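Here is what each chain is made of, one letter per residue.
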Amino acid sequence: MLVGVPKEIKDHEYRVGLIPSAVRELVADGHRVIIETGAGVGAGLPDSEYQAAGAEIVATADEVFRRAELIVKVKEPLGPERKKLKPGQILFTYLHLAPDPEQTHDLIASGVTAIAYETVTSPQGTLPLLTPMSEVAGRMAPQVGAHALERTNGGRGILIGGVPGVPPADVLVLGAGVAGTNATLIALGMGASVTVLDRNTEALRRIAAQFGPRVRTAFSTRDVVETLCRRSDLVIAAVLIPGAAAPRIITAETVKAMKPGSVIVDIAIDQGGCAETSRPTTHSKPTYLVDGVIHYCVTNMPGAVARTSTFALNNVTLPFVLALAGSGLRRALAEDPHLRAGLNIHEGQVTHKAVAGALKLPHVRAEAALKM
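Residues numbered from 1 in each chain as written. Predicted model: local features only at pLDDT ≥ 70, side-chain atom pairs only at ≥ 80, totals over all residues. Heavy atoms only, no water.

Novice: Now, about the environment of Val-112: what can you tell me, with residues and values included?
Specialist: Topologically, Val-112 is positioned in the loop between helix H5 (101-110) and strand S6 (113-116). Judged by relative accessible area, which is 0%, Val-112 ranks as buried. Spatially, the C-alpha atom of Val-112 lies 7.4 Å from that of Gly-348, the residues being 236 residues apart in sequence. (Helix = DSSP H or I, 4+ residues; strand = E, 2+ residues; numbered from the N terminus. Buried < 20%, exposed > 50% of the residue type's maximum accessible area, 1.4 Å probe, protein only.)

Novice: Help me get a handle on the nonpolar core, residues and values and all.
Specialist: Phe-92, Val-265 and Met-301 are the most contacted members of the largest nonpolar core, which has 78 residues in total. No other element matches helix H6 (residues 131-149), which puts 9 residues into this core. Residues contacting Met-301, with those up to four places away along its chain left out, are Ala-137, Met-140, Ala-141, Val-144, Val-265, Ile-267, His-283 and Tyr-296. Leu-172, Leu-197, Leu-228 and Val-239 belong to the second largest nonpolar core, which has 22 residues in total. (Core = buried A, V, L, I, M, F, W, Y, C linked by side-chain atoms within 4.5 Å. Contact = heavy atoms within 4.5 Å.)

Novice: So what's going on with a nonpolar patch on the surface? Residues and values would help.
Specialist: A grouping of Leu-159, Val-163 and Val-166 is seen on the molecular surface, where their side chains present a nonpolar patch of about 270 Å² in accessible area. The residue Leu-159 is located in the loop between H6 and strand S7 (170-174) in this model. (Patch = residues over 30% accessible without salt bridge, like charges linked within 9 Å, V, L, I, M, F, W, Y side chains within 5 Å. Areas by Shrake-Rupley, 256 points an atom, 1.4 Å probe, with all protein chains shown as cover. Salt bridge = Lys/Arg side-chain N within 4 Å of Asp/Glu carboxyl O.)

Novice: Which residues make up the sheet that holds S7, and what values do they have?
Specialist: Taken together, 7 strands build an open sheet; the order of strands is S9-S8-S7-S10-S11-S13-S12 and the sheet is mixed. Each edge of the sheet is formed by a strand with only one pairing partner; in this case those strands are strand S9 (215-219) and strand S12 (287-290). On average, each strand axis in the sheet is inclined to that of its neighbour by 20 degrees, with strand direction left out of account. Bridging between strand S11 (residues 263-266) and strand S13 (residues 293-296) involves 3 bridges; their strand directions are parallel. Opposite Val-265, over in S13, you have Tyr-296 as the bridge partner. Helix H7 (residues 178-189) contacts S7, strand S8 (193-198), S9 and strand S10 (234-237) of the sheet and is inclined by roughly 170 degrees relative to S8. (Pairing = 2+ DSSP bridges. Axes fitted to C-alpha atoms, helices over the stretch in contact; angles between N-to-C directions.)

Keep in mind these numbers describe shape, not what the thing actually does.
The following block contains the structure:
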């Protein structure tokens, strides 16, 4: 199979779909790989390393999209990229379709087969291709939140870890999943006072067992979210419903009641965000104010640490790329129900139930769409 990797064009997105060692694995299996020139530079991977691994370097994204049978990316295809997609191609990348009707309709119209990293499952019921980027975003969240809390950036002027005689920042983490757990780890390491909310009591028990009395846990209800948001200096929103739009658990009224200069870091913005006041931002302009509260809602947080993120992502995507290239679409999806769970759109049909439900579109089971 001919596998293509275009350079990412989203604002300050420096990750790349395949690293040279992944290219070498594909070439060793008899596949051809084309890489747009400069695609890996932002992650410290020059064209020469791809050529040494057996890839062909091409001059433009147009050539990648024109020639490739399987396109491996990191972020969702933007408008100019979606125009280049065609029937029969396989697109393997993060998509986050539930809050993005425009992208969804374009992918339907293109006739492409779109497999989303974020809905591929595992035998344990986890989301293995989402996990590494959730780890990265979770670990970044206290860092960017601490930066936003500085008075020079419009924040309350609070040092997240405090100093002797002055208390640390109160940090509230909404969601005890992968991102929330990693945010908790770093916030505690920075010396913050941390509270974690979730509606899954087993997840709260896991947090309590992992971090002990250093962290407080609470069951998430509307009253608890409202009360603790008002008290917090930094709120990290990390609630996920696989494939679906994120629940808006922070209301506009709650934001209005928060401390002036406090900060919301909405990790869930890829899926629409957890606050009613959240809207997507970029690394070029990451924050904005609503009622005196700083909102950080960058949709590609891990792109800022591109090398770490690229290698972490390739560690988990490579087996699936090899399966798609080696077995072809239908056989690969027939043999692996967990990869099949990643199928979001196939030949004009929405095949993921949560995406269809969020966008009020007809749903066709993957097995029916693939005529299995």
